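These are the residues of each chain, in order.
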Amino acid sequence: MSRRKLSRRTALRSLAVGVGASVALPALDIMVNSNGTSYADGEAFPLRHGIFFWGNGVRPDRWLPERTGARWWEQSREGLMPIASRPAIRDRVNVLSDFSYQIRSGTAHHVARAQIIAGAYEAGAGGACCGRVSGPSADWLTRSAWAGESARLDALDIGISRQNKGGTNFSINRGLVYDDNGDSRPLEMSPRAAFERLFGDGLPDGAGDLGNTEAVRAARRSVVDQVRGDAARLRTKLGVSDQRRLDEHMSLLRAVERNIDSFESASACTIPDMMPGTSEAYQQDNIPITRDGRPQQITGELLTEKNEIMSQLVALALACDLTRVFTYQHHGMQTDTMFHMLPGVSLGHHQSTHDDRTPNFADQFQDFEAVHQIATYTMNQFAVLLESLAGIPEGDGDLLDRSIIFATSEYADASRHDLGNMAMLTAGLGCGRFKGGHHLRGGGRNPVDVQLAILQGVGLEIDGFGRGAARSTAAFDDLYA
Amino acid sequence: MSLSMVACDGRIDPLAEMPEPPIIRPPSETPLEDLPPFSPAEGGLRPLTRRQLEGAFRSALESSELEVAQNLEPDPAPEHRFRFIGELVTASPINEFDVLKLDQAALTSVAEAITEEQLRCTPSSADDACVDDFLARVLESAFRRPPSVDELSDYREIVRDAGEALDFVAGLRFATAAALQSPWFVYLTEIGEGPADARRLNSHEFAARLSFFLWDAPPDEELRDLANRDALDADSIRAQVRRMLADPRAGESARQFFAEWFGYDAIETLAKDSSVYDFDRALGTSMRREMEGLVGDLLAGELTYLDLFTTRRTHLDRRLADFYGVDVSALIPEGSTEQVGRFEAEEEGPGCNADGLDPAFHNLCSEGNTVGSSFNVPAATSIRITVRAYGVRAGDDLPRVALVIDDAEESQTDINGTEASPEELEFNVELSAGTHDIAVRFMNDFYEPPANRDLIIDWINVEAIDGNPDTTVLTEVPPERSGFLARGAFLATYAKAIDTSPTARGLFVRERILCGRVLDPPPTASTELPPRSDSVRTNRERVAAHTTDPTCNFCHRAMDPLGLPLENFDGIGAYRDTDNGATIDASGDLDGVAFDGATEMGEVLRADPRVALCAVRHLYRHAVGREETVDQERLIRAVGEEFAASEGDWTALIEALVLSDLFQMVRVPEDEPVEEEQ
């Protein structure tokens, strides 16, 4: 396969759109060996692992390609056309179909999400949404296995839409990444904050004209020390479970310290010149809040623009080896994101699939055309992310060659909470370990088998993934090249 | 916890573990003599909510203007639970973002609030007396107790180190930033004194619990002073409760409590199908305002809690009055308009600049281009915004414009106007007093040379509507709307987008008013109501046809007879006599007591002793941040009796609750011995 090789100028120019004049520099040629297959010192290019998630599924009859096998894009339906129409990425994307859970229906959105993301089940208090699940998500395993190998973060967790489910306060930003305890970890939904985490000096804009001097950093460290000191005094007065809670809180102060120290940390890459104020989407990071402190229906999210910026940030973070694992939630499970940019879509996404203000699935309006439009738009957003990766050359290939990304939603058809025939894609060749360009059928097997195949494929020595009914112990090895 | 799920067709949910009856009997049905002796709820750490954190920031920094909550992570709130119950708030632990954002908020807010002018002196060394004065003041407010000598000394060292390296104002800022992240600040620490199973809150802990309960803010100087002198006895507590309830902060806190308890907190954003119902954000606001008026009456003693079920009292604005069919023309004068401001777009200049960010020029060429200006609205009021615009057409669609207020898109519309005959678009919105950015945005660019769609804006005119439709008056609703269950906020919230929902309404009454509990429908059950037909015309008939199965009926009989009496009110709460052409049968029953229609249901609920007791439970959960267990049942009933004896007086309930050991005591879990301080 001959791949068009982008010149560095081209790569930089494509990245500069909306970002700024100077960008992080990916592995320089001088750093690469003569064959372009590894870094000059012989160290192989890193393998990256990604998760892309979107809520509320697709319209399966307008999304799945008609036949299976290679070159799926020649038979693509409208819902996947955003990928099928892009030659630069489509031959590295697989479409997966005919994977179903044993129990095919009757599960709420958040439970369905826990199954596909963590192969696990929801174990939250009283079955309440978004509590603890019974095990870690797939990305948690890779970020733990590869901890410390990348320069800045063990993983970058991105969210695009901030919308929750309408009328409630489901915390969708607490529901894609699950740690070893099954507690959900937050996603970064602010482009500005994501940028700061990757390239910033950790000092908020409103902190006055302190300057990021050693004296200021020392003072900030003394603040953290004092908080720890107060905690130590308080701890002696507490019961065991509160002590644990306090210890957990104090351990998180490491994030603040990393923030303070980060300006000093060396990076192989030039810091992009993306100053606050470059675009409206970059600024759009405040959560609209109702008077009682809940996030409200958000009507003006600049999803297209934000997705472009975040896609570029992910690509830069991978290119500079600031992280090797990323998660990317376009919009959360069950969210009522308003896709105002789509003509004819007037309701929140979840409301378009079914209105669950009552438990009745019938007798409620459903707007399947809107659901289809949204799914197609979301695939375009995913394609933009993949193009960002494909646009950065690395040795004899590009970032997409060195990545394996699993993309899915909590259901294929959310209107009936159907857990059959899940909607799943993979993207990237994972350093040649995975196939690309195929429509593969699972013959009714467990959807989590795909996650296990990826985890084993990237080198984790595990026998299975997940807990409970959805646990997988049989990797879907058709995925391997 | 996992509950047994028996499907309507009798299958067992494979995820189920243990059986449990569909309606969990509340402990109120246990005879008093069978209840265990009183034991208080667990104490320990209770994280402040975002609102409480904001109140605490403002208090510690003596700045009522600070806005901190916007920059913190939202409170997690499981559905159907109270966000403000601390125990549930911490179902998800504090995470990395909380900690990072708190650090940033602390650094930002000290920079904003601590300036040389606001300091009462300018320190020249860390040993300056004013450093100690300042630290003592900040730490006492932040920790809700006087700081210890050791703590003062620690914080003075921060001032010393940073002060010598930078300057002493910066030193005080960093010391304060530490206090604002200290666990003593972030958590309510309710540890108490005495034996592990019955520890009494000390006076500082009690004052903090009381203040965050009534105000969502820490104790003020008067309450702190009483706590410092250990002078909080029953009489002074009563006096403080009355003083604090008269403060506007108590009203705000109570409004939020009721909005969440009664579930109308999302009334403005309900999804209603516009082809069926004429419902918009403004009507939702009117409905909220009516409920807030009634909550205010409750706090002021104009209404009792039991009155809420039968009263005809209301606070109507013109919009809701029209909706209810109440004539308020004599009470609210007709509106006149007053000019707020006008923005004229400039025609000269590049207009279509690449970024689309220049707000001055009138031709918007790219998607997302926005034009507008800031307007100063003198008082909270209804605003009429008129925009003159026209489009240059290209492609299949008309140019589409969105009204953008303070960076949020309010509504969108297509532009029919052309250069020859521009269009004047009118938008009506409500705005608070202050400066607002009002703008319009081009939503759907189209460009395939030579076809090019543009949007041209000539001007934006902003007027205030005086004597406006948002002024509310105290009046009465028609008899059929007696009680809050027959008002819009409740009825619209508990309904579907295209229909009513007798089951959802009945479930609310069963769970939130009577404190019964009904299981979720089994996951494998079909919960589809049969479609309307010639033989199954009304919702009553559909529900009946749906629940013929005894398994389904077992739960539905606890809900539907409490929702069907409200069928005279449609999915947004408008009155109706018929459903699908058939006369509505509004009969219902409450556990064997039959009644007909909303008004009679209100009378029956008012007379049911479970109603007052259920209010005690909700207020208790809110006040102490825990759900009650059977260990607290004896005292909950005792408070309930006092509440009932007062015939539902809300202030009497608050007093009885805060004077009770329910509120004043905590315990340490038995398996968690307290280590004594070294």
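Quick caveat, the model's predicted, so the values are computed rather than measured. (Residues numbered from 1 in each chain as written. Chains lettered and ligands numbered in written order. Predicted model: local features only at pLDDT ≥ 70, side-chain atom pairs only at ≥ 80, totals over all residues. Heavy atoms only, no water.)

A. Representation of the overall build of chain A within the structure. Secondary structure summary: chain A contains 14 helices and 12 strands in total. Looking at chain A residue by residue over its 481 residues, the buried ones come to 62%. Residue pairs at least 24 apart in sequence account for 71% of intrachain contacts in chain A once pairs closer than 6 positions are excluded. As displayed, chain A offers around 16200 Å² of accessible surface, 49% of which is attributable to carbon and sulfur atoms. (Helix = DSSP H or I, 4+ residues; strand = E, 2+ residues; numbered from the N terminus. Buried < 20%, exposed > 50% of the residue type's maximum accessible area, 1.4 Å probe, protein only. Contact = heavy atoms within 4.5 Å. Areas by Shrake-Rupley, 256 points an atom, 1.4 Å probe, with all protein chains shown as cover.)

B. Region of interest: the sheet that holds strand β10 (residues 408–414) of chain B. All names here are of chain B. In space, the four strands of this open sheet follow the order β7-β12-β9-β10, with antiparallel pairing throughout. Bordering the open sheet on either side are β7 (370–377) and β10, each of which pairs with just one other strand. Neighbour-to-neighbour, the strand axes of the sheet open up by a mean angle of 20 degrees, direction not taken into account. In the sheet, β7 pairs with strand β12 (residues 434–442) via eight bridges, with the strands oriented antiparallel. By the bridge assignment, T370 is partnered in β12 with R441. (Pairing = 2+ DSSP bridges. Axes fitted to C-alpha atoms, helices over the stretch in contact; angles between N-to-C directions.)

C. Representation of the state of the cysteines in the model. Going through the model one piece at a time under the given rule, you end up with one disulfide over all chains. Each sulfur of the disulfide joining C515 of chain B and C614 of chain B lies 2.1 Å from the other. Classification of the bridge connecting C515 of chain B and C614 of chain B rests on its S-S torsion, roughly 80 degrees, and on that basis the disulfide is right-handed. Remark: C614 of chain B occurs in helix α19 (residues 609–624) and C515 of chain B occurs in the loop between α15 (502–513) and α16 (539–546); sequence separation between them is 99 residues. Judged on exposure class, the residue C515 of chain B and its partner C614 of chain B are both buried. A disulfide-free cysteine, C431 of chain A has its sulfur positioned 17 Å from the sulfur of C320 of chain A, the nearest such atom. (Disulfide = S-S within 2.5 Å.)

D. Structural view of the environment of T311 of chain B. All names here are of chain B. Within the secondary structure layout, T311 lies in the loop between α12 (281–300) and β4 (313–316). Non-local contacts of T311, meaning those with residues more than four positions away in its chain, are made with L303, R481, S482, G483 and R487. A polar atom in the side chain of T311 sits 2.9 Å from the backbone nitrogen of R313. (Polar contact = N/O pair within 3.5 Å; in protein donor to acceptor, adjacent residues only side chain to side chain.)

E. Examining the packing of helix α5 (residues 149–165) of chain B against helix α6 (residues 168–179) of chain B more closely. Residues and elements named next belong to chain B. Where α5 contacts α6, the two axes come as close as 7 Å, and the packing angle between them is 140 degrees. On the basis of the axis angle, α5 is oblique to α6. In the packing of α5 onto α6, the handedness of the crossing is right-handed. Two secondary-structure elements touch here, α5 through Y155, I158, V159, R160, A162, G163 and E164 and α6 through F168, G171, L172, F174, A175, A178 and A179. (Parallel < 35°, antiparallel > 145°, perpendicular 65-115°, else oblique. Left-handed = near helix turned anticlockwise from the far one by under 90°.)

F. Broad picture of the pattern of salt bridges. Residue and element names in this part refer to chain B. Counted according to the given criterion, the structure contains 70 salt bridges over all chains. Measuring nitrogen to oxygen at the nearest pair gives 3.1 Å for the salt bridge that ties E190 to R46. You can see E190 sitting in strand β2 (residues 187–190) and its partner R46 sitting in strand β1 (residues 44–47), a full 144 residues away along the chain. As far as the burial class goes, E190 and R46 line up, both buried. Its salt-bridge partner being R617, residue E633 comes within 3.0 Å of it at the nearest N-O pair. Of the two residues, E633 is situated in helix α20 (residues 633–645) and R617 in helix α19; the sequence distance between them amounts to 16 residues. (Salt bridge = Lys/Arg side-chain N within 4 Å of Asp/Glu carboxyl O.)

G. The arrangement of the side chain of H417 of chain A in detail. Residues and elements named next belong to chain A. Structurally, H417 can be placed in the loop between β10 (403–408) and β11 (424–427). H417 gets classed as buried once you look at its relative accessible area, which sits at 12%. Among the polar contacts made by the side chain of H417, one reaches the side chain of Y411 at a distance of 3.4 Å.

H. How the structure looks around the confidence of the model for chain A. All names here are of chain A. Across chain A, the average pLDDT comes to 79, with 76% of residues at 70 or higher. Between residues 124–128, whose pLDDT stays under 50, and residues either more than four places distant or in other chains, the model counts eight contacts. Every residue in residues 287–295 scores below 50 in pLDDT, and together they form 35 contacts with partners more than four places removed in sequence or on other chains. (pLDDT = per-residue confidence, 0-100.)

I. View of a negative patch on the surface. Judged by side-chain charge, D406, D407, E410 and D437 of chain B come together as a negatively charged surface patch. According to the relative accessible area criterion, D437 of chain B is partly exposed, its value standing at 36%. (Patch = residues over 30% accessible without salt bridge, like charges linked within 9 Å, V, L, I, M, F, W, Y side chains within 5 Å. Lys, Arg positive; Asp, Glu negative; His and termini not counted. Charge placed at Lys NZ, Arg CZ, Asp CG, Glu CD.)

J. Summary view of the sheet that holds strand β12 (residues 438–445) of chain A. Residue and element names in this part refer to chain A. The sheet built from eight strands is open, its strands ordered β2-β12-β3-β11-β10-β1-β7-β4 with mixed pairing. Because the sheet does not close on itself, it has two edges, and the strands there are β2 (69–70) and β4 (156–159). Relative to strand β7 (residues 325–331), β4 runs parallel, the two sharing four bridges. In the sheet register, I158 faces β7, and the bridge partner there is Y328. Contacts between helix α13 (residues 368–390) and the sheet are confined to β1 (48–54), β3 (93–99), β7, β10 and β11, with β7 contributing the most and set at about 155 degrees to the helix. The sheet contacts of helix α14 (residues 448–457) involve β1, β3, β10, β11 and β12, and relative to β10 the element is tilted by about 165 degrees.

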